[in-house]
Structures are given as C-alpha cells and as structure tokens.
Amino acid sequence: MGMQKARLAGKALIVVGAGTGIGAATVERLCGEGARVCVADIDLAAAQAVAARMADAGYQAFAVPVDIADEASVNGAFAAAVERLGRLDGAHINAADMRTIFADSDALGIDLAVFDRTIAVNLRGHLLCTRAALPHLLAAGGGALVYTSSAAGDAGEPERPAYAMAKSGLNALMRHVASRWGKEGITANAVAPGFVMTPELIAGGQVPPDWIAQCIAQTRSTRLGKVEDIAGVVAMLLSEDGRWINGQVLHINGGTLMH
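Note that the structure is predicted; figures quoted are calculated from it, not measured.

**Student:** Please provide a residue-by-residue account of the nonpolar core, values included.
**Tutor:** In globular proteins that are soluble, nonpolar side chains generally tend to be buried together. Ile-14, Val-16, Phe-78, Leu-145, Tyr-147 and Val-177 are the most contacted members of the largest nonpolar core, which totals 39 residues. Sort the elements by how many residues they give to this core and helix H4 (residues 112-139) lands first, with seven residues. The next biggest cluster of nonpolar side chains, apart from the first, holds 32 residues, and it includes Ala-35, Met-54, Ala-61 and Ile-252.

**Student:** Please provide a residue-by-residue account of the side chain of Asn-171, values included.
**Tutor:** Its location among the elements puts Asn-171 in helix H6 (residues 161-181). Judged by its relative accessible area of 3%, Asn-171 falls in the buried class.

**Student:** Now, about the pairing of strand E2 (residues 36-41): what can you tell me, with residues and values included?
**Tutor:** Most of E2 is tucked away: six of the six residues are buried. Relative to E2, strand E1 (residues 12-16) is paired through five bridges, and the arrangement is parallel. Note on E2: the bridge partner recorded for Ala-12 is Arg-36. Assessed by its sense of winding, the connection that carries the chain from E1 through helix H1 (residues 21-32) to E2 is right-handed. In terms of handedness, the path from E2 via helix H2 (residues 44-56) over to strand E3 (residues 61-65) forms a crossover that is right-handed.

**Student:** Go over unusual backbone geometry with me, naming the residues and quoting the values.
**Tutor:** Of note in the backbone geometry, Arg-160 takes a positive phi value of approximately 60° without being a glycine. By secondary structure assignment, the location of Arg-160 is in the loop between helix H5 (152-155) and H6.

**Student:** So what about the packing of H4 against H6? Which residues, and what values?
**Tutor:** Packed helices, taken two at a time, are described by their axes: the angle between them and the distance between them. Contact geometry for H4 and H6: axes closest at 9 Å, N-to-C directions at 15°. Overall, the two elements H4 and H6 adopt an arrangement that is roughly parallel. Read as a crossing pair, H4 and H6 show a hand that is right-handed. Residue-level inspection shows Phe-115, Thr-118, Ile-119, Asn-122, Leu-123, His-126, Leu-127, Thr-130, Leu-134 and Leu-138 of H4 in contact with H6, the latter providing Ala-162, Tyr-163, Met-165, Ala-166, Gly-169, Leu-170, Leu-173, Val-177 and Trp-181. Here the contact of H4 with H6 is composed, by residue class, of 14 nonpolar, five polar and no charged.

**Student:** A description of the packing of H1 against H2 should follow, citing residues and the corresponding values.
**Tutor:** Viewed as axis vectors pointing N to C, H1 and H2 meet at an angle of 25°, and their least axial separation amounts to 10 Å. When the axis of H1 is compared with that of H2, the two are roughly parallel. Regarding H1 and H2, the two cross each other, and that crossing is right-handed. Where H1 approaches H2, its residues Ala-24, Val-27, Glu-28 and Cys-31 are matched on the opposing element by Val-50, Arg-53 and Met-54. Of the residues assigned to the contact of H1 with H2, the class counts are five nonpolar, no polar and two charged.

Cut-offs and rules
Residues numbered from 1 in each chain as written. Predicted model: local features only at pLDDT ≥ 70, side-chain atom pairs only at ≥ 80, totals over all residues. Heavy atoms only, no water. Core = buried A, V, L, I, M, F, W, Y, C linked by side-chain atoms within 4.5 Å. Buried < 20%, exposed > 50% of the residue type's maximum accessible area, 1.4 Å probe, protein only. Helix = DSSP H or I, 4+ residues; strand = E, 2+ residues; numbered from the N terminus. Pairing = 2+ DSSP bridges. Right-handed = clockwise from strand over helix to strand, strands pointing away. Axes fitted to C-alpha atoms, helices over the stretch in contact; angles between N-to-C directions. Parallel < 35°, antiparallel > 145°, perpendicular 65-115°, else oblique. Left-handed = near helix turned anticlockwise from the far one by under 90°. Contact = heavy atoms within 4.5 Å. Nonpolar A, V, L, I, M, F, W, Y, C, P; charged D, E, K, R; others polar.

The quantities given are spatial measurements derived from coordinates; they are silent on function.
Laid out in structure tokens, this is it:
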C-alpha cells in the first residue's frame, strides 16, 4: 500500500460504500498515499474491519455507519467524518444496492418496487451524499467528488433499465456539480468500471470460468478488472493530479466500451 509519492498526505477523505470490493480497495490506496480516511458503509462491521486493517498498518482510518437511502443517516455520517477529520477535502461515493440488479428485467416486466429501490439508492442516495458533502468541501476552499458510475449508463442494454437510468442520472448529477461549483474549487467526476473481479467474487467462486473467458473475449485486454484498477484512478481524481479534470466519466474497462 505504500506509495513513493504521498500525493494525498494530510487529505481528509470519506469513502461511502467502503466495506468491501472497490470501496475497500480505494480506502487502502488513499491511506497508502497519505490520506486520513473515514470508512463508511451500511455494513458497519465490514467498515470497521477495513478501518482496523488500516490502523494496524499505521494509517489513520475510522469507520462510521451510513445508509445512503436515508437522509438522516447520510447527514450523520458526513457530520461524524468532519468531526473526526476536522474538515473534508474529498469524497468517493461508491454505494449501490446490487441485490436489486438481478430483478431489474426490462421496461415492461420490471416490478416498480425494484425500480423505486434502485433509484432511491443508486441515484437519490448520491444526491443526498452530494448535498451532505458540498458545504464541507466549499468550507475547505474546494475539493473533489468522485462517483462510481457504470458503462451501463452509456452502453444501451436489453436488460437492467433501472440500473442504467440511475447511472445515466448520476452522470448528469456529476456534470451539474462540476458546472455549478467548478469556479468555487469543486471538481466532480465519475469512474465507470467494467467487469471487476472483486476479492469477494474471487473468494466466493460464483463466477463460472467460461463466463470469465467470454467477458475477457469482449475486452481489448488480456484480463478482467481488478479493484486496484479503479482505486488508482479514484486516488488520482482526489489528488492535485486530478485538479484539471472536471465533469468527466472515466471508463475503466479494458477497452470493452470505448467512449
């Protein structure tokens, strides 16, 4: 985790949806680059495990619970982060309800409860996080917001309409924030991962090898994504290296979708 260049030294950051997968890897990368990190997740035990692992490695990290579908929970998590950190320099909003994606069929067949839940978490929840983060970033003189989007927002697929609609809306929110507050020192960008083999997927063994091979065949790469691929780009966007990148969706997918 140690970085030769501590470009995030002293930065006060929060990662929402940080208990597992891309979020957990991002916490590790941010800590390794010198940041102080609030680890926020609906699964507090998972967040605490990530924070404890960072603390054991000598980094500054702590956990808070957050449910991004609940406004009071979101506001409480950001308030707790700023109380501990003293200020806020950036946030990675990475949370999503991936359970609903398996019931996200098509525009005719989707249960509206699935649609409502998808929008509540994957879109409205990101607006709540934005509203909670922005005043603190502005008070600090500027800062960075990084959202986790998806290629689904651009690809045009025969299934998952609610998920794709939420991600398209998230991209619009991101561009709005960059446009409205860019002159006040705010950058807002999104990372759009392709298929990433998270540690949880690897450990669970639930992804069939033939399906992995099929996915690799659709890329312009020799492999599928790793959580570290996404974490590295998020770290860059939260650092001074990303200060002249604003209002962009960065597709990180091995060339599956060229945009």
